[in-house]
Amino acid sequence: MTLGTRRLFPTIDASKSVDLHSLFPHCNSLRHLQQLHAQILIHGIHLSNLLGSKLADSYFASGHSHYARQAFDQMPSKNPQSWNTMLSGYLNTNTFSEILPLYQLYRAENQNTNSYSLVFIIRACTKLSLKEGKSIHSEAIKFGLETNTYVSPSLINMYHELGSLEDAEKVFKQAPLLNPTICGLMMKGYSKASMDLEVVECFDKMKELRVQLNPCAAVCLARAFGNLAAAKQGRAIHALFIKSALMASNVYLQTSLLDMYMKSGFIECAHKLFGELPCKDIVSWSTMVARLAQCGRGYESLLTFQGMLEESIIPNAVTLSSVLLACSHLGSLLQGKSTHGYILRHGIELDIVAYTALLDMYAKCGSIDMAYKVFDQMQQRNIFTWTAMIGGFGMHGMVSRVLDLFHQMRLVNEMPNSVTFVSLLSALSHSGSVQKGIECFKSMNRDYGLSATNEHYSCMVDLFGRAGLIEEAETLIKNMPIEPSASVWGALLGACRIHKHGELAEQVANKLFALDHDMSDTHVLLSNIYGASETWEMVKKTREKMNERDLQKTLGFSSIEVDKKVYVFGVCDTSKSWDSRIAGLWNVLSIHMKEISFIDFQSRENDVDEVIEEIVYGCTQKFAITF
DNA sequence: ACGTGGCTCG
C-alpha cells in the first residue's frame, strides 16, 4: 500500500478507532478510501471486524470489488457479519459466481450458518440454477431456517424466478404463518406464470385469514384483474387500496391500476386516475400510449404521446414501439415516418422489440420496401421479427417472398411459433395456394410440434373456402380435435357467401348464433348472403331478427392521410362531412375497380356493389400530429 | 458493517 504524496488524514491514536469510523462518510474517491485503508493498517486496527467490514463495504460501493476482497483477506479473524458483507457486496455487484465459493470457505471455518448468509446465497442462486438453489434450500432445512421470516420469501422468489412454481408452492404451504410478504411473493410467482385465477385465490385466502395487503400483492392483484378484464372487481380493490393507504406515492401500484382499467376497457376510469397522478413517470405515460394504441384509439394514443413530450419526458424504446403501433393502426405512413424521424433526431436507442414495431409499421402502412430495409439492417432478429416480416410480405400478396423468408429463417435456425404459421397459412390462403397450404398445415405439427389453434383452422377453412372446396372445409371442421371457434365458422360462412351456398350458410349461421359472441356481424353477413342469392324474404327476416335482438352492426372504420390530414372513414349517417372531391374520386375508383375485376374471385363481384351501396360513410378529418 | 418485492412494448 503506497501513501499519497499529500496526507489527507492526520495520524490517529490506535486506541481511538472511533475517529477512523467518522472518516468513512468523507471518502468520495478510491484515493481517499485507500488512504483510510492505509491508516487502518498502520494502526493495526484491521484486527477490528467492524472497520475491516466497513472498508470492504465502501470498496464495493465505489465499484472496486478487488480491493474489498483485499481488505477482507487482511482481517485475521472474521465474524459472520464480515463474511456477510462480502456476500452482499458480490451480490450487489452482480458477481454471482464468487458467492458460492466464498460461502464454501465460510462453512469450512464455521459449524453454523445464519439467515443473512442464506438470503444472499438464495438471491445469488436465483441468477444461477435450480440445482444450486435446491442445494441451498436443503442447507436452510438442515439448520432449521427454512421458515425464517427472511429466508422463506427469498426461497419462494427464487423458485418462481427459476421457473419451478411447484417448489415455490411447497415453501409457501410450509410457512407456519402467512404474512403479507410471503403472500405477495407467491402472488408474484403466479402472476409471472400468467396464473391470474391463482393470484385472486391467494388474495381471497389473505382476506379470510385477515392477512394485510402489501404493495407487491396489490400490484399482482391489479395485474390479474386487468388480465381477466374484470375491472368491476378492479374498482373494488382500487377502493381497498385507497383505504389501506397503499395508493399514495406508489407509482408502481398507480400504473398497475391504470393498466388494469385500460385492459378491461374502463377508459374513463383510467383517464380519471391518470389525471390524478401527482407525478407521472415514463412508465405511466407509456402505459397510456400503449393501451390506447392497442384498443384501436391510435389518434388518442398519438395525442397522449404528444402530451408526454410537452411534459419533457424522454420516451424510450418501449414508448416508441407503442407509438409505432398507433401509426400502423391509423395506417398513417406520414405519422410513422415522422416517428421514425423523431427516433433518429433524438438518437433514441431502439431494442429488438421497437425495431420490429418499426418494420411492422412500414409494412402495415404499405411501405413494404422500407419494412424490408429495416428488417435487413437489424443487427439481431428474433422470431417476432421474422414473423412480422413474413406477415408483411403476406399482406402485400408477395407469396414467393413469404416462402423465401421462411426458408431463410430456417437456415439461421430460428424456430417458427404458432403465429408464424398463422402468417404463412394466411398468405397461402389469400394467394390460393391450396396444396402448399395443406403441406404447411401438416408440417406445423409434424416438424415443429405445434398443435393447430382455431386461428390456424380458420386460415385453412378460408383456404379451402376461397378455392371453392367447401366439402374439404366442412370435413376439416368435423375432424377438429378442439371445439371450433366463431372465427372458424365465420370463415366457412364467408366461403358460403362467395360460392352462394344459401342452405349451408343458414346452418353455419345457426352454429355461430349458438356460440356466445358478438352476433351482429353474423346477422349482417347472413343477410348479405341471402341478398346475393336474391332471397329477399330471408334478408327481411334476418334484418327483423337483428332489430328484435337490438343488435347493431359493429362500427368499422378506415383512414387515409392526404396533405397532413388524416381522414377517418366510419359508418355513420352524417354524410355532410364528405369532401365532394373524395366522393367523386370514390365513384371513379369503384367503377374502375369493377372494370378491372379488382376482387380476386369473379363470384365476389357483388362485394363492390355492396360497398358502393354503403356510401353512407362519413368522414372526419384530423390533422397530423407533429412531434 | 449484512437480509424479503412492484409498472409499460412486438
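Residues numbered from 1 in each chain as written. Chains lettered and ligands numbered in written order. Predicted model: local features only at pLDDT ≥ 70, side-chain atom pairs only at ≥ 80, totals over all residues. Heavy atoms only, no water.

### Regarding the pattern of salt bridges
The condition is simple: By definition, a salt bridge exists where a carboxyl oxygen of Asp or Glu is found within 4 Å of a side-chain nitrogen of Lys or Arg. In this text, helices come from DSSP runs of H or I with a minimum length of four residues, and strands from runs of E with a minimum of two, each type numbered from the N-terminal end. Exposure classes here rest on a 1.4 Å probe applied to the protein chains alone. A residue is buried below 20% of its type maximum, exposed above 50%, and partly exposed in between.
By the definition in use, this model includes 16 salt bridges. With a shortest N-O distance of 2.5 Å, Arg 291 and Asp 259 are connected by a salt bridge. One end of the pair, Arg 291, is in helix 17 (residues 282-294); the other, Asp 259, is in helix 15 (residues 251-263), and 32 residues separate them in sequence. Accessibility classification places Arg 291 together with Asp 259 in one group, the buried group. Among the charged side chains, a network of salt bridges with common partners joins Arg 69, Asp 73 and Glu 98.

### Some details on the packing of helix 27 (residues 454-466) against helix 29 (residues 486-498)
Our working rule: Every axis corresponds to a line fitted to the C-alpha atoms, with the helix fit spanning only the stretch in contact, and the corresponding angles, defined between N-to-C directions, vary from 0 to 180 degrees. When an angle is under 35 degrees it counts as roughly parallel; over 145 it counts as roughly antiparallel; between 65 and 115 it counts as roughly perpendicular; any other value is oblique. Contacts are residue-level and defined by heavy atoms, with any inter-residue pair within 4.5 Å sufficient. All residues other than Ala, Val, Leu, Ile, Met, Phe, Trp, Tyr, Cys, Pro, Asp, Glu, Lys and Arg, Gly among them, are scored as polar; the first ten of these are nonpolar and the last four charged.
Relative to each other, helix 27 and helix 29 sit at 10°, their axes nearing to 8 Å. Classified by the angle between their axes, helix 27 and helix 29 sit roughly parallel to one another. Residues Asn 454, Tyr 457, Ser 458, Val 461, Asp 462, Gly 465 and Arg 466 of helix 27 form the contact with helix 29, whose own contacting residues are Ser 487, Val 488, Ala 491, Leu 492, Ala 495 and Ile 498. Broken down by class, the residue content of the contact of helix 27 with helix 29 amounts to seven nonpolar, four polar and two charged.

### Here we look at the UniProt feature "repeat: PPR" (unreviewed entry) in chain A
This is how it is decided: UniProt positions are given in the numbering used here, feature names are shortened, and annotations may be inferred rather than shown by experiment.
Annotation from UniProt places "repeat: PPR" (unreviewed entry) at residues 281-315 and 351-385. End C-alpha atoms of residues 281-315 are separated by 10 Å, and the span's content is 74% helix alongside 0% strand. A helix fraction of 74% and a strand fraction of 0% characterise residues 351-385, whose end C-alpha atoms lie 11 Å from each other.

### Details of the protein's contact with DNA strand B
Heads up, the rule is: Only a single heavy atom is needed: when it lies within 4 Å of a molecule or strand, its residue is near that molecule or strand. In protein, a polar contact means a hydrogen-donor-capable atom and an acceptor-capable atom, both N or O and within 3.5 Å, with residues adjacent in sequence counting only if both atoms are side-chain atoms; elsewhere, any N or O pair within 3.5 Å suffices.
Taken together, 46 residues form the shell around DNA strand B, and within it Ser 115, Arg 123, Lys 188, Cys 216 and Asn 250 come nearest. Within 4 Å of the protein, the contacting atoms of DNA strand B are 36% sugar and phosphate, with bases supplying the remainder. One nitrogen or oxygen atom from the side chain of Ser 53 is found 3.2 Å from a base nitrogen belonging to DNA strand B. Between Thr 287 and DNA strand B, the recorded distance is 3.3 Å, taken from a side-chain N or O atom to a sugar or linking oxygen.

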